[in-house]
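Read off the chains here:
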Amino acid sequence: ATAVQGAGATTLAYEDFAANGNTACRSTEDGIACWNTMTGVGFGISRSGYLIGLTGPVDPREFPWA
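Since we're looking at a predicted model, the values are computed, not measured. Residue positions are given per chain, counted from 1 along the sequence in the order it is written. Totals for whole chains, interfaces and linings use all residues, but because this is a predicted model, local features are given only for residues with pLDDT of at least 70 and pairs of side-chain atoms are given and counted only at 80 or more. Derived side-chain values reflect all non-hydrogen atoms in the structure, with water molecules and hydrogen atoms excluded from consideration.

## Some remarks on the pairing of strand β4 (residues 42–46)
No. 1: Think of it in three bands: residues with accessible area under 20% of the maximum for their type are buried, residues over 50% are exposed, and the middle band is partly exposed, with areas taken using a 1.4 Å probe on protein chains only. Numbering of helices and strands runs from the N terminus, with a helix taken as a DSSP run of H or I at least four residues long and a strand as a DSSP run of E at least two residues long. Along β4, the buried face is formed by G42, G44 and S46; none of F43 and I45, which line the opposite face, is buried.
No. 2: Between any two strands, pairing holds if DSSP finds at least two bridges. Across 4 bridges, the pairing between strand β3 (residues 31–36) and β4 is antiparallel. Note on β4: the bridge partner recorded for C34 is F43.
No. 3: The antiparallel hairpin formed by β3 and β4 contains 5 residues in its connecting segment, where G40 sits at a positive phi of about 85 degrees.
No. 4: By the bridge criterion, 5 bridges tie β4 to strand β5 (residues 49–53) in an arrangement that is antiparallel. When the sheet's bridge partners are listed, G44 is paired in β5 with L51.
No. 5: Following β4, the chain reverses through 2 residues before pairing antiparallel with β5.

## Considerations on the pattern of salt bridges
No. 1: The term salt bridge refers to a pairing of a side-chain nitrogen on Lys or Arg with a carboxyl oxygen on Asp or Glu at a separation within 4 Å. Tallied over the full model, the rule gives 3 salt bridges.
No. 2: For R26, the salt bridge goes to D59, with nearest N and O atoms at 3.1 Å. Linking R26 in strand β2 (residues 23–28) with D59 in the segment after β5, this pair joins segments that are 33 residues apart in sequence.
No. 3: A salt bridge links R61 to D59; the nearest nitrogen and oxygen atoms lie 3.2 Å apart.
No. 4: Here R61 falls in the partly exposed class, since its relative accessible area comes to 40%.
No. 5: Given a relative accessible area of 16%, D59 falls into the buried group.
No. 6: Beyond isolated ion pairs, a larger network of salt bridges with shared partners links E15, R26, D59 and R61.

Dropping the structure here:
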């Protein structure tokens, strides 16, 4: 796996949240859920795939393949 690198990059522990501007993300053992706090548009991503949603975070624990 390749680590994400960049100025100020850190590891997001499972069940922790991070926010930057209007974007918020939550990390789980199943993947990561991110969303725009203003519009509600979000996505969830895992090793098996991703889903996009229009009403907030897409929880990777609820993916059909999980």
